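Structural overview
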Amino acid sequence: MSQGGGPGAGGEEVAPPGVDTSTPHSARMYDWWLGGKDNFAADRAMGDAFIQAIPTIKTMAKENRKFLGRAVRYLVADAGVRQFLDIGTGIPTRPNLHEDAQAIAPDTRVVYVDNDPIVLAHARALLVSSEQGRSEYIHADLRKPQEILSDPALLQTLDLGKPVALMMVAVLMLLKDAEDPWGHTRELMDALPSGSYLTITHPGREFDEEAMEVIRSSAERGGMTVIPRTKVDVARFFEGWDLVEPGVVPVMAWHPDSELEDPNGAFYWAGMARKR
């Protein structure tokens, strides 16, 4: 297996320097749900505990990924956005955001941000851009938004005087209320000009409160933070910006590619808003 992690020769698990394989990590757990190989026993054990609470959670992870593609296509093709700041990138899964965006507008520029050393080990896959565009990776933490905004890679890639699409897909759940995810998000939003967009998906507590509590408590026991939130709490992230129709809705119901039998089939809220 490559330095990215996962099982090595003889079944041994090999990780890049700085990776604690004894503690589960959301990016690696998500990788396992999507069928990837860059995960470890602790990630799979926690992922399986989530499956016990919500048997369809692997499908939900895939729906969340499908939403990302729909949102990117909307932002590039319909809204004319050519710059993206993707917080909580996760382990590269094709098509990556820049591949979706640059397939429509080759001059699109993307900055990816994550704090998992395994994502850092795979950053090369995130940097293969079109000739006209550019993509960069920053190893940083959402809890320190000013470090992200002042990073030379961001400043050399994005023009903060022009609209930027801030993508926060399945990442805000990793911050407890006491860590003020709304405040950290607002710092990033405030740095962006008029015409910028914020896109969020977030596990929703109302879809199945009992199952969501099992997930929250299981994660806590395993040293992880996963906080499901209500639709009202998710909508707070967008305050002061104009929601794109249809507003904050179940993730499958946001601009679906086809008619849905059950729009509540994936327990995530999703929304997008534009800065006035």
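Whatever comes next refers back to the structure up there.
Residues numbered from 1 in each chain as written. Predicted model: local features only at pLDDT ≥ 70, side-chain atom pairs only at ≥ 80, totals over all residues. Heavy atoms only, no water.

**Let's talk about the overall build of the protein chain**
The criterion, for reference: Put simply, DSSP marks the helices as runs of H or I at least four residues long and the strands as runs of E at least two long, and each gets a number from the N terminus on. Only the C-alpha atoms count toward the radius of gyration. The rule for a globule is 2.2 Å times the residue count to the power 0.38. To sort residues, take the accessible area from a 1.4 Å probe on protein chains only and compare it with the maximum for the residue type: under 20% means buried, over 50% means exposed, and anything in between is partly exposed.
Helix and strand content of the protein chain: 11 helices and 8 strands. What you see for the protein chain is a C-alpha radius of gyration of 18 Å, in line with the 19 Å of a compact globule of 276 residues. Along the longest, intermediate and shortest principal axes, the C-alpha atoms of the protein chain span 50 × 40 × 40 Å. Buried positions account for 53% of the 276 residues belonging to the protein chain.

**What to know about helix α10 (residues 209-221)**
Where we set the bar: For a helix, the expected span equals 1.5 Å multiplied by the number of residues minus one. Two residues qualify as a contact provided that any one of their heavy atoms is within 4.5 Å of a heavy atom in the partner residue.
Helix length check: α10, at 13 residues, gives a terminal C-alpha distance of 18 Å against a target of 18 Å (1.5 Å per residue), a fit within 8%. Among all positions of α10, only Ala-211, Met-212, Ile-215, Ser-217, Ser-218 and Ala-219 are buried. Buried residues belonging to α10 abut α2 (41-53), α3 (57-78) and β5 (197-203).

**Observations concerning the side chain of Lys-275**
Put simply, the rule is: Counting rule for charge: Lys and Arg are taken as positive, Asp and Glu as negative, and neither His nor the chain ends is counted. What counts as a salt bridge is simple: a side-chain nitrogen of Lys or Arg found within 4 Å of a carboxyl oxygen of Asp or Glu.
Residue placement: Lys-275 occurs in the segment after β8 (268-274). The buried charged residue Lys-275 lacks any salt bridge partner; its closest oppositely charged side chain belongs to Asp-190, at an N-O distance of 5.0 Å. The contacts of Lys-275, once residues within four sequence positions are left out, are Met-189, Asp-190, Leu-192, Pro-193, Ser-194, Gly-195, Ser-196 and Trp-241.

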